[in-house]
Structure formats: C-alpha cells, structure tokens
Amino acid sequence: MGLLALGTALEWSEARKAANHVRDWGIEGKERDALLWGDEIEYLVVAFEHDRRRVRLSLCQAEILKALAKDEALSKSGGCVAELQKSSKLGQSLPTFHPEFGRFMLEATPGKPWSINPKDLLDVEPNMKWRRRIAKDHMAENEYPITLTTFPRLGTKDEYIKPYFPPSGPMLRSQFVPDEIANPHIRFPTLAANIRSRRGKKVEINVPVFKDEKTPSPFKDPTVDYNLHRWPEDDDVRNGAAKDGYVYMDAMAFGMGSCCLQITFQAKNIIEGRKLYDQLSPLGPIMLALTAATPIYKGFLVDTDVRWNQISRAVDDRTPEELGEKPLNDDRWRIPKSRYASNSTYISQDPRLRPEYMDPDLIVDERLKQKLLDGGMDDLLATHFAHLFIRDPLVIFAEDLNELDPEGGNHFENLQSTNWQHMRFKPPPPDADIGWRVEFRSMEIQITDFENAAFSIFIVLITRAILSYDLNFYIPIPRTTENMETAHIRDAVTQAKFWFRKDPLPHHRSSHASRLNGNHTAAPLPTPGPVEDEYRLMTISEIFNGSPANPASPSTNNANPLDAPSSAAAAAAAAAAGGGGFPGLIPLLDSYLNSLDLSIQTRCQLARYLDFIRKRADGTLWTAAKWIREFVRKHPEYEHDSRVGEGVVYDLLKKVVEVEEASAAAEGGVVGWEMLGGMATAEAEAHSVIDAAGA
C-alpha cells in the first residue's frame, strides 16, 4: 500500500525542486527472539447483477471500511481496521483491513504476526477464510470479495464500474478509466499525476494479444480513440503509443489496480534479514510463473500469463533521456529498469557472494553512497540504498520540508515505498517495536484461500530450510532479470526453462550459527570455478521436484511424506547418485520437516500443501491463468477472436466464486479440479496416513 501520510502534496514542478532535499534526509535516520512473518491478501470487490448477466467492479472500499469500523461486536474483540486495532483480551486477534490504490480493492492482513512454529502454520488457511467471511459480511448482498489479479474488463467501453463514472479526469487523463476509480487519498492521485508529468506523457502499457483462430491480423486495439482531443496527452496514441498486435492501456490503474499475495518476514537480526533477501531473490521469478493468474486485460485474452510487466509500465516515470531515447541533458543517468522491477542488488555479507553475481549495469548515486559510507554503512548496503535513491520522490508534502525530524522515517519511506522491486529490505521503523524485515513481492494472488495458504507456507518453509541448511541460491542478477521475463510466457510452468543454481547445498558446512552472529572466521571456501558452471536452465518441475535424470532421488510421488529423506545431505547424495541431478525444493523441505519433532497430524497436513505445489510444478494441476484461458475459450459465447465479452466474464466470475466456496467447504475435485485436484481426497489420504501410523 505504501506510505499514507497526510499533508499538502506538491505538484511535480515543485516536487522536482525538492528531490535532492528528500534524498538527503531520507538516509539520515535489536535483536529479535525468532523470525516472525505475515501475509497480505488483496481482494477485488465485484457486484453481480444476475438479472442482467453482468458483473461490475464496486467502488465501495470506503463504505466497507466504515462498516467494519462501526461493527460493535468486532470492536469489542479488537477491531478490524488499523485505526481501531488494539490488543484483544479474548485470546484472538482479528484480521486488519486496509485501503488500496483502487476504490474496488481491499487488503487484509492477520491481526498479529505468525510464528514459524510448523503447527501454527496450520492456522493460516482458516485465518484467510475468516478474513474473506468478515469482508463479505460487511458488503452488500450482491457484492463478493474475489481474489483475482485483475478485473477482466477493466477499461472497456461499457459500464464496468459501480457507480459509473465516464473515463478521463485531470489526474489520470486516461481514455479508459476515470479518476474516481482511484482511492481519493492525496497520495494516489498525486502519484499518478506526477508520474505522468515527470515522464512528459501518459504511461504506456502494451500487452501482446492472444492470437486465436479469428483474431484480426494485424490486430489493432479497437477500443483506442485516435480522435480524442481532451488533454495534451491524447496525442500519445497519434504518436504511436498504441502498438499493432497489442492491447493498449494508458493509466496507473491498470497496474496498481492489480491484486497480489505478499509475504513479509521479520528476521532475527540484520544479518539474517540480509541473507534472506539475497537467497529468496532468485526464487521471485520462479514463484511468479508458478502462481500465474493474469491472462485477460481490458476484455481481451493476452499472450502473457502474469501481471508484473504491466504494473512495471503503469508506474514507469522514466523520462526519454533516462530511457535512452534522447541524449542525457537534464537527467543524470540512463536507467535500465522501471521503479517497479526485479531486484538489482545483493546485500548479504555472505562469503559465497561473488562479484560476478552483481549487476554490471547497476546505477548508483555516488554522492549518497559516500554519505552512507561516511556514516558507517558497509559497501553492499550503501550500494543498495544509493541505487534505490537514484529515483526521484514522487509525492512530497510541503510540511515535510520544513525541518528534518531525526526520529522520523517519512523521507526514507517516501523513496523506499515507491521502489517496487520483487524483494524489499525494510529497516526497523523509528516509531514501532519492529525488527528488520524482508518482503517477498512477486507472487500472483490465487483464486482460493487454500492456494494462497499453500504458497505462503511454502515460502515460510523455504526460509527455514535456507537458514537451517545454509542453502545457496545465488545466480548472477542479470539471469534473475531474464527469468522475470521468462515468467511472462504463456504456460511458462510447462513450456519454459529458468536459470537456477545447480547445487544449492553447502560443501563447506562450517558454523552457520557463528555467521548469523557476525563471526565470519569459518574455514575458507574452496576456490570457485567459472560462474557460468554454477547454474543452468531448468524446468519448474526440476526446480521444485528434482531433476528427472535422477529417478532414485526423493521424488515427486512420495505417497507417504514420512518416507522422505531425513536430511538435506541425503537429498544431495541421492541427486548426485543420479548423475548430477538437482535435489528439488520440495524434497529439501520434506527433509527439513522430517528433521523436526512434529506430530504425524501436523506433518501430514503440511504435506497436503507441498503436494499441491509439487503437482502445480509438474503441470498435473493448472495455474489459474491456464484455467481462466481455457474457461474462456470453451465458453459458448466466445467467438475465438480474443474478445472476452460481458456474458463470458459474468459466468467466469460466478465460477470463481463457486470454486472458492467449494474449496472452503472442502468439496475439492468437482469445481476447478484442473487447478486444485482432489483437495478433499488429499485430506482424506493425509488422515489415512495418520490412522495407519496410529494403528
């Protein structure tokens, strides 16, 4: 959501003058018992009109938050909105609901951080279901909170929002969406307007259309009005902004109106936080592909499956000089990436971090870097923040320019929160008892709470395996950048390969604990060979389930999770015995879980989530993107011309609700079985393992 401060927001002409001021103040500025974490679920609120067979986005965010705030029963239990949240005396913490960019969006988080206790992980899915129920109970009868990445007909020519407002407005100046679609908090319209002002034109989002049997060739987006003369930026399309073969969009709402699943970890200390930031970074594109859920934009099937690049372009404020379209004159650098992009830095003081892994095209503000070094920051971290701070602050409040508050963090958060990379490293805020945090930001939101819980739990378990086994996922940053593009390929899970480290296991297992305490006196690592020998292209199934070159390794088909190897070393040995195969992330997690003192019930229920991810990775279970695409293509009203009409979207969203409700009732295997398989069957199998063990 970002920094929601209040004040007098400056227009870009004034904000630009104060940019260095904010950058300088932004860099001025305890050990935890154990890692904590939390998830963020984002909903689209839709309103069904069954008599007309249509569904619209409901701009009811404010009304829902007011209804939650006024609910006396919820207030007595602690409250469900941030303004009313307090410690509950009833032994439970209610979830918290937050505003988001779109007035049709709602964000929900658990009322308190989750622990890493494996048994506590089993509370995540029920808590997500609880959040959805609470949200639904405070909506109109015909409204429903769905967890889709985007609304399939956002920006079409019909009345896709309720209440309806015509397109355009002074902030977005869009052909397709009105200003009223955005949260009215001053941050959001100012952010949109200043991005447009800074770049000198509207944002330009072009997504390749999915070429079906009757799709016109060449495809020219029929929704674009080339004769519009309302704003100076209407010239954009006459100057080539809308490309042939692409669906064209022109506003921040097409990106920031997307929903996702984010996980935030509070590390034990800064060393652990930096390690997690680095080791989770190569997993970002892999998890983006595995959670793919975005095959429709603006009423058209598109030839990509994920949201990432669309959001990147929706907030891309780079000028023509920074894009390399004009020689540098007024600007300082050519900047290779949007401010919403994959990571460009590693920050851990891990002795395995080689210079060859770093981004050779990294741009840093050397003046600010030196200031950080002079203040005692090490080179890696100073480089990281000096890279983030090459960006201009986009929303500046006049009141914040009066004087530097040495105890405040607004200037830092102003820049930090508008650098939307797939990982985010977050220092402790000055006004709260919170430690060093790491955000994992790449995953797409899933249709069901079961899926969202499964992916959340998977990422948590990966962090435990990383720290317990001292795993090493380092690959060169340009390969991660390349993987991010690969993740957009249609059905990338089964059709693409990703760069990944061949051997993630340590060969010099020295004192992991001493490293976490800042002692790097362990025996030296072997002399490394060429970096290019450390990674190779792998399928998603190989990465998660292990290399198929190794049939003897802990594989994708363990019927009983208790049969998995008891250590990562065993997994590595099995992989090596199979001729250099990759051990697989799921077998590594099986090894980690089997090393813990878990009850059979806890172990088997966690295995249910891992089994789902195992089958998603090998293509047995579809991604939401594939399921949605196939639903549309098989719909009787679809004419195989790439257009997704109102009636098709109505039936699709009805089915989405049906899938989630069936999932909530554990009636898997009927609705949406291609995505979920037999969840009820899987649960029954888990219980049969428990019963057999008890016998």
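Cut-offs applied
- Residues numbered from 1 in each chain as written.
- Predicted model: local features only at pLDDT ≥ 70, side-chain atom pairs only at ≥ 80, totals over all residues.
- Heavy atoms only, no water.
- Helix = DSSP H or I, 4+ residues; strand = E, 2+ residues; numbered from the N terminus.
- Buried < 20%, exposed > 50% of the residue type's maximum accessible area, 1.4 Å probe, protein only.
- Areas by Shrake-Rupley, 256 points an atom, 1.4 Å probe, with all protein chains shown as cover.
- Lys, Arg positive; Asp, Glu negative; His and termini not counted.
- Salt bridge = Lys/Arg side-chain N within 4 Å of Asp/Glu carboxyl O.
- Polar contact = N/O pair within 3.5 Å; in protein donor to acceptor, adjacent residues only side chain to side chain.
- Contact = heavy atoms within 4.5 Å.
- Phe/Tyr/Trp six-rings, centres within 6.5 Å; stacked < 30°, edge-to-face > 60°.
- Core = buried A, V, L, I, M, F, W, Y, C linked by side-chain atoms within 4.5 Å.
- Pairing = 2+ DSSP bridges.
- Axes fitted to C-alpha atoms, helices over the stretch in contact; angles between N-to-C directions.
- Parallel < 35°, antiparallel > 145°, perpendicular 65-115°, else oblique.
- Nonpolar A, V, L, I, M, F, W, Y, C, P; charged D, E, K, R; others polar.
- Expected span 1.5 Å × (residues − 1).
- Arc of directions from axis to C-beta.
- pLDDT = per-residue confidence, 0-100.
- Left-handed = near helix turned anticlockwise from the far one by under 90°.
- Disulfide = S-S within 2.5 Å.

**Overview of the overall build of the chain**
Piece 1. Helix and strand counts for the chain stand at 27 helices and 17 strands.
Piece 2. Considering the chain as a whole, with its 695 residues, one finds that 60% of them fall into the buried category.
Piece 3. Total accessible area on the chain is roughly 26700 Å²; 51% of this is exposed by carbon and sulfur atoms.

**A short note on the side chain of Asp 179**
Piece 1. In this structure, Asp 179 sits in the loop between β6 (161-162) and α6 (187-199).
Piece 2. Buried and unpaired, Asp 179 has Arg 196 as its nearest opposite-charge partner, separated by 7.3 Å.
Piece 3. Looking at Asp 179, its side chain comes within polar contact range of the main-chain nitrogen of Met 171, at 2.8 Å.
Piece 4. Not counting chain neighbours up to four residues away, the residues in contact with Asp 179 comprise Ser 168, Gly 169, Pro 170, Met 171, Leu 172 and Arg 173.

**Focus: the pattern of salt bridges**
Where charged atoms from two side chains of opposite charge come close, those side chains can pair.
Piece 1. Evaluation of the coordinates by the stated rule reveals 51 salt bridges.
Piece 2. A salt bridge links Asp 590 to Arg 603; the nearest nitrogen and oxygen atoms lie 3.0 Å apart. Residue Asp 590 is located in helix α22 (residues 585-594), and its partner Arg 603 is located in helix α23 (residues 600-617); the two are separated by 13 residues in the primary sequence. Comparing Asp 590 with Arg 603 shows no difference in burial state: the two are buried.
Piece 3. Between Asp 590 and Arg 614 there is a salt bridge, with the nearest N and O atoms lying 3.1 Å from each other. You can see Asp 590 sitting in helix α22 and its partner Arg 614 sitting in helix α23, a full 24 residues away along the chain.
Piece 4. Each of Glu 49, Arg 52, Arg 54, Arg 56 and Glu 159 takes part in salt bridges that share partners, so that together they form one network.

**Some thoughts on the packing of aromatic side chains**
Piece 1. Here the structure, examined in full by the defined rule, presents 21 aromatic pairs.
Piece 2. Consider the rings of Phe 219 and Phe 300, whose centres lie 5.5 Å apart with planes at 80°: the pair is edge-to-face. Here Phe 219 is found in the loop between β7 (205-208) and α7 (235-238), whereas its partner Phe 300 is found in strand β11 (residues 300-301), with 81 residues between them in sequence.
Piece 3. Put simply, the rings of Phe 450, Phe 455, Tyr 609 and Phe 612 pair up and form one aromatic cluster.

**Side note on the side chain of Gln 421**
Piece 1. Note that Gln 421 resides in strand β13 (residues 420-421).
Piece 2. Sequence-distant contacts of Gln 421, that is, excluding residues within four places in its chain, are made with Tyr 277, Trp 308, Arg 339, Ala 341, Ser 342, Asn 343, Ser 344, His 387, Leu 388 and Arg 441.

**Focus on the environment of Leu 653**
Piece 1. With respect to the helices and strands, Leu 653 occurs in helix α25 (residues 646-664).
Piece 2. Put simply, Leu 653 and Ile 146 are 507 residues apart on the chain and 8.3 Å apart in space, counted from C-alpha to C-alpha.
Piece 3. If sequence neighbours within four positions are ignored, Leu 653 has contacts with Val 46, Phe 48, Val 55, Ile 146, Leu 148, Phe 151 and Pro 152.

**Brief notes about the nonpolar core**
Piece 1. Ranked by size, the top nonpolar core spans 175 residues in total, and within it Val 177, Ile 181, Phe 458, Phe 544 and Leu 653 carry the most contacts.
Piece 2. Of all the elements, helix α16 (residues 449-469) adds the most residues to this core, at 14 residues.
Piece 3. Dropping the residues within four chain positions of it, Ile 181 is found in contact with Leu 59, Phe 101, Gly 102, Arg 103, Phe 104, Leu 154, Tyr 160, Ile 161, Leu 172 and Ala 253.

**Structural notes on the pairing of strand β15 (residues 437-440)**
Piece 1. Burial along β15 is two-sided: the residues Arg 437 and Glu 439 and Val 438 and Phe 440 are all buried.
Piece 2. As judged from the four bridges shared by strand β9 (residues 261-266) and β15, these two strands associate in the antiparallel manner. For Gln 266, the partnering residue across the bridge sits in β15 and is Arg 437.

**Things to note about unusual backbone geometry**
Piece 1. Note that the residue after Lys 162, namely Pro 163, is joined by a cis bond; omega there is 0°.
Piece 2. Here the amide bond leading from Ser 217 into Pro 218 is cis, since omega sits at 5°, within 30 degrees of zero.
Piece 3. For Pro 218, the location among the structural elements is in the loop between β7 and α7.
Piece 4. Even without glycine at this site, Asp 491 takes up a positive phi of about 55°.
Piece 5. A relative accessible area of 17% places Asp 491 in the buried class.

**Description of the packing of helix α10 (residues 283-290) against helix α17 (residues 477-486)**
For any two helices packed against each other, one specifies the crossing angle of their axes together with the interaxial distance.
Piece 1. At a minimum axis separation of 8 Å, α10 and α17 run at an interaxial angle of 10°. Between α10 and α17, the angle is such that the two are roughly parallel. Facing Pro 285, Ile 286 and Leu 288 of α10, the residues of α17 in contact are Thr 480, Asn 483 and Met 484.
Piece 2. Counted by class, the contact of α10 with α17 contains four nonpolar, two polar and no charged residues.

**Re α23**
Piece 1. With 18 residues, α23 should reach 26 Å at 1.5 Å per residue; the first-to-last C-alpha distance of 25 Å fits that figure.
Piece 2. The buried fraction of α23 is high, at 14 of 18 residues.
Piece 3. With its phi angle positive at about 90°, Gly 619 sits one or two positions after the end of α23.

**Some remarks on helix α3 (residues 61-70)**
Piece 1. Listed in full, the buried residues belonging to α3 are Gln 61, Ile 64, Leu 65 and Leu 68. The arc that holds every buried residue of α3, seen down its axis, measures 95°, which confines them to one face. Summarising the geometry of α3, the exposed residues directed more than 90 degrees from the buried face are Lys 66 and Lys 70.

**Remarks on the confidence of the model for the chain**
Piece 1. The predicted model of the chain averages 86 in pLDDT, with 80% of residues at 70 or higher.
Piece 2. Predicted confidence for residues 21-29 stays below pLDDT 50, and this span has 35 contacts to residues more than four positions away or in other chains.
Piece 3. Predicted confidence for residues 509-520 stays below pLDDT 50, and this span has 19 contacts to residues more than four positions away or in other chains.

**A closer look at the packing of helix α5 (residues 124-137) against α16**
Piece 1. Following both chains from N to C, one finds α5 and α16 inclined at 135°, their axes separated by 9 Å at the closest point. Judged by the inter-axis angle, α5 sits oblique to α16. By crossing handedness, the relation of α5 to α16 is classed as right-handed. For the pair formed by α5 and α16, the contact residues are Val 124, Glu 125, Met 128, Lys 129 and Arg 132 on the first element and Asp 449, Phe 450, Asn 452, Ala 453, Ser 456 and Ile 457 on the second.

**So, the state of the cysteines**
Piece 1. Scanning all chains against the criterion turns up zero disulfides.
Piece 2. As a non-bridged cysteine, Cys 260 has Cys 259 as the owner of its nearest cysteine sulfur, 7.6 Å distant.
Piece 3. Owing to a relative accessible area of 6%, Cys 260 belongs among the buried residues under this scheme.

**Some points on the environment of Ala 135**
Piece 1. Tracing the backbone shows Ala 135 in helix α5.
Piece 2. Each C-alpha atom, one on Ala 135 and one on Ile 64, is 7.7 Å from the other, the two residues being 71 residues apart in sequence.
Piece 3. Other than its neighbours up to four places away in sequence, Ala 135 contacts Phe 97, Leu 106 and Pro 145.

**Some remarks on the environment of Ala 242**
Piece 1. Tracing the backbone shows Ala 242 in the loop between α7 and β8 (246-249).
Piece 2. Distance in space between the C-alpha atoms of Ala 242 and Val 224 is 7.8 Å, their sequence separation being 18 residues.
Piece 3. Contacts of Ala 242, omitting those with residues within four sequence positions, involve Asn 206, Val 224, Tyr 226 and Tyr 248.

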